[in-house]
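A structural walkthrough
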Amino acid sequence: MSLPDIPPLLDAMIADLETIIDEHDLDRQRLAMVGIHTGGAWIADALHQRLALPTPLGTLDIGFWRDDFSHQGLPDAIRASHLPFDVDERDLVLVDDVVMSGRTIRAALNELFDYGRRAGYCWPRWFLCPDASYRYSRMCAARVSICPPASGSSFPARNRFLSHW
Amino acid sequence: MIDSASSAAARVQLTSDGRLRHFIDIEGLSRELLTEILDTADSFRGVQDAQVKKVPLLRGRTVANLFFENSTRTRATFELAAKRLSADVLNLDIKTSSTAKGETLLDTLNNLEAMQADAFVVRHPDSGAAHFIASQVTPNVAIINAGDGRHAHPTQAMLDMLTIRRHKGAFEHLKVAIIGDILHSRVARSQVLALNTLGAAEIRVVAPRTLLPVDVEDWRCRVFTQLEQGLQDADVVIALRLQKERMDGALLPSENEFYRHYGLTQESLAWAHPEAIVMHPGPINRGVEIESAVADGPRAVILDQVTNGIAVRMAVLSMAVSGQTRSRARQRAS
């Protein structure tokens with residue numbers, strides 16, 4: 001497996017994030033970044049420094065929210081999640097290193113629901129390709145809002161599911 | 001003798017790959033496993049920062065609280081711990097249950113097992129009750145010992161260890177003094193075992209001779225009968241409740257006498273390290289083993305112990321149910 005060249009990948013992720021922030025008119029002062037343990041935490045740290053976001057970096061360990069307890073039991077070495085900010089009405093950038101089945105995303109969203117009501121999410125990720133080589137996929141950079149069921153013919157753009165996954 | 005008791009305790013409590021499946025006694029558990037319990041409990045403390053203080057780990061599981069002896073905070077914190085793990089909780093009041101109608105303990109437990117309970121939290125006045133249930137009656141249900149006779153109260157000891165670690169960091173340099181009714185205290189025995197396993201520098205028990213167990217010399221701790229000597233430069237001071245309900249002999253002249261010689265007061269606390277923390281497993285007898293000014297003072301971490309109790313009980317419940325789950329998965333696979 002070839003290892004990725006980190007600085008250009010981080011540059012590409014930053015560029016994507018800047019685009020998403022501009023496209024969706026996100027408030028940088030309230031934008032918060034959350035890294036998912038373990039691999040996502042160090043990538044989030046690097047991105048957080050480069051973006052110079054004023055809100056401190058958060059970390060999330062989704063071990064207690066996984067859906068495979070019945071089969072696997074408790075995962076080893078779960079860390080405490082640490083969100084040093086109020087999540088209410090904030091846009092959050094979630095960062096992880098690998099996407100496979102989407103279970104981590106689901107578990108992370110479930111955990112974040114317990115911290116309060118967010119405005120929406122960005123989700124830049126590293127992507128583990130079928131050939132097991134790492135590359136960053138622009139396709140995975142998406143802003144996802146959790147929207148209420150559509151009751152009318154339209155609803156505000158802010159609440160639309162904007163993923164182009 | 002100690003080694004064989006220790007390995008017997010380990011055999012009952014651990015799966016073949018060394019994971020927790022029951023939590024009955026500190027004896028037989030390794031430093032690594034105790035540290036894992038503390039680390040997991042620390043992570044559960046983090047959950048309590050969220051608006052929703054609940055995780056879905058034991059969703060769809062059932063935890064039965066079987067209290068054959070009175071308890072307020074232990075029972076409440078076990079119930080809260082199970083609920084915060086999303087388990088369904090069954091509180092069996094033994095006095096009004098079938099056991100009062102003549103059903104044996106075995107039949108009660110077998111019925112609960114047939115109802116697919118996943119864990120039993122057991123408090124019983126007889127030493128060894130939890131061990132008996134785990135080894136002979138319902139080995140496939142996670143048994144958590146919530147106090148058995150004078151034998152053990154391992155979750156209380158672990159919540160005390162968590163409180164010490166969160167306030168003092170590593171155990172290696174700590175002098176810990178445990179004061180009061182050592183004789184009747186299952187808590188003290190479990191605390192000494194846990195502190196030894198976790199590598200505390202010095203463990204002291206301080207009590208009048210009448211309130212020291214006969215085998216205390218085998219506990220791997222220093223024994224003091226004078227409070228001043230026992231408290232000297234201690235980093236952690238644990239006052240125990242005087243268990244009046246278990247006193248079946250003339251062990252003390254009077255409570256006043258006990259307070260005068262062994263009561264933890266502002267005056268006596270001055271013998272300990274200036275930054276010593278004060279702990280008490282509760283319920284507190286104010287003016288008997290501890291002065292109100294100390295119990296409510298800045299060095300007391302007694303209410304912190306209660307909060308840590310929920311986290312520790314969440315940790316052992318989830319770890320033991322997890323161990324049983326893995327064992328069953330392995331049995332199915334083979």
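Each remark here, short or long, concerns the structure printed above.
Residues numbered from 1 in each chain as written. Chains lettered and ligands numbered in written order. Predicted model: local features only at pLDDT ≥ 70, side-chain atom pairs only at ≥ 80, totals over all residues. Heavy atoms only, no water.

**With respect to the interface of chain B and chain A**
Taken together, the 24 residues of chain B in the interface contact 17 residues of chain A. Looking only at chain B, the three residues that lose the most surface to chain A are S43, Q51 and L57 of chain B, adding up to 30% of its buried area. Taken together, the connections running from chain B to chain A amount to zero salt bridges. Counting the contacts that link chain B with chain A gives six residue pairs in polar contact (both at pLDDT 80 or more). Broken down by secondary-structure element, the contributors of at least two residues to the side of chain B that touches chain A are α2 (31-47) and α12 (302-333) of chain B. Of the residues belonging to the side of chain B that touches chain A, the class tally is 11 nonpolar, seven polar and six charged. (Contact = heavy atoms within 4.5 Å. Buried area = accessible area lost by both parts, 1.4 Å probe. Salt bridge = Lys/Arg side-chain N within 4 Å of Asp/Glu carboxyl O. Polar contact = N/O pair within 3.5 Å; in protein donor to acceptor, adjacent residues only side chain to side chain. Helix = DSSP H or I, 4+ residues; strand = E, 2+ residues; numbered from the N terminus. Nonpolar A, V, L, I, M, F, W, Y, C, P; charged D, E, K, R; others polar.)

**Digging into a negative patch on the surface**
All names here are of chain A. A cluster of like negative charges, contributed by D22, E23, D25 and D27, occupies part of the molecular surface. Inspection of the secondary structure puts E23 in helix α1 (residues 6-23). Of the residues examined, E23 reaches a relative accessible area of 58% and is grouped as exposed. (Patch = residues over 30% accessible without salt bridge, like charges linked within 9 Å, V, L, I, M, F, W, Y side chains within 5 Å. Areas by Shrake-Rupley, 256 points an atom, 1.4 Å probe, with all protein chains shown as cover. Lys, Arg positive; Asp, Glu negative; His and termini not counted. Charge placed at Lys NZ, Arg CZ, Asp CG, Glu CD. Buried < 20%, exposed > 50% of the residue type's maximum accessible area, 1.4 Å probe, protein only.)

**What about the environment of L83 of chain A?**
Residues and elements named next belong to chain A. Along the chain, the position of L83 falls in the loop between α3 (69-72) and β3 (91-95). Placed 49 residues apart in sequence, L83 and V34 show a C-alpha to C-alpha distance of 7.7 Å. Aside from chain neighbours lying at most four places away, what touches L83 is V34, G58, T59, L60, L112 and Y115.

**As for the sheet that holds strand β8 (residues 236-239) of chain B**
Residues and elements named next belong to chain B. Spatial strand order, β7-β6-β5-β8-β9: five strands in an open sheet with parallel pairing. Pairing within the sheet leaves two strands with one partner each, and these edge strands are β7 (222-224) and β9 (277-279). Adjacent strand axes in the sheet meet at a mean angle of 20° when their direction is disregarded. (Pairing = 2+ DSSP bridges. Axes fitted to C-alpha atoms, helices over the stretch in contact; angles between N-to-C directions.)

**Considerations on the sheet that holds strand β1 (residues 62-67) of chain B**
Residue and element names in this part refer to chain B. Ordered in space as β2-β1-β3-β4, the four strands form an open sheet in which the pairing is parallel. Edge positions in the sheet fall to β2 (88-93) and β4 (142-148), since each of these pairs with one other strand and no more. Pairs of neighbouring strands in the sheet enclose a mean axial angle of 15°, with direction left out of account. Where β1 meets β2, six bridges bridge the pair, whose relative direction is parallel. Note that in β2 the partner of L66 across the bridge is L92.

**Points about the pairing of strand β3 (residues 119-124) of chain B**
All names here are of chain B. Burial within β3 is extensive, with six of its six residues counted as buried. Going residue by residue along β3, you find A119, V121 and R123 tucked away on one face and F120, V122 and H124 tucked away on the opposite face as well. The pairing of β1 with β3 spans five bridges and is parallel. Within β3, the position partnered with F67 by the bridge is R123. Examined bridge by bridge, β3 and β4 share five bridges and lie parallel to one another. Residue pairing in the sheet places A119 in a bridge with A142 of β4.

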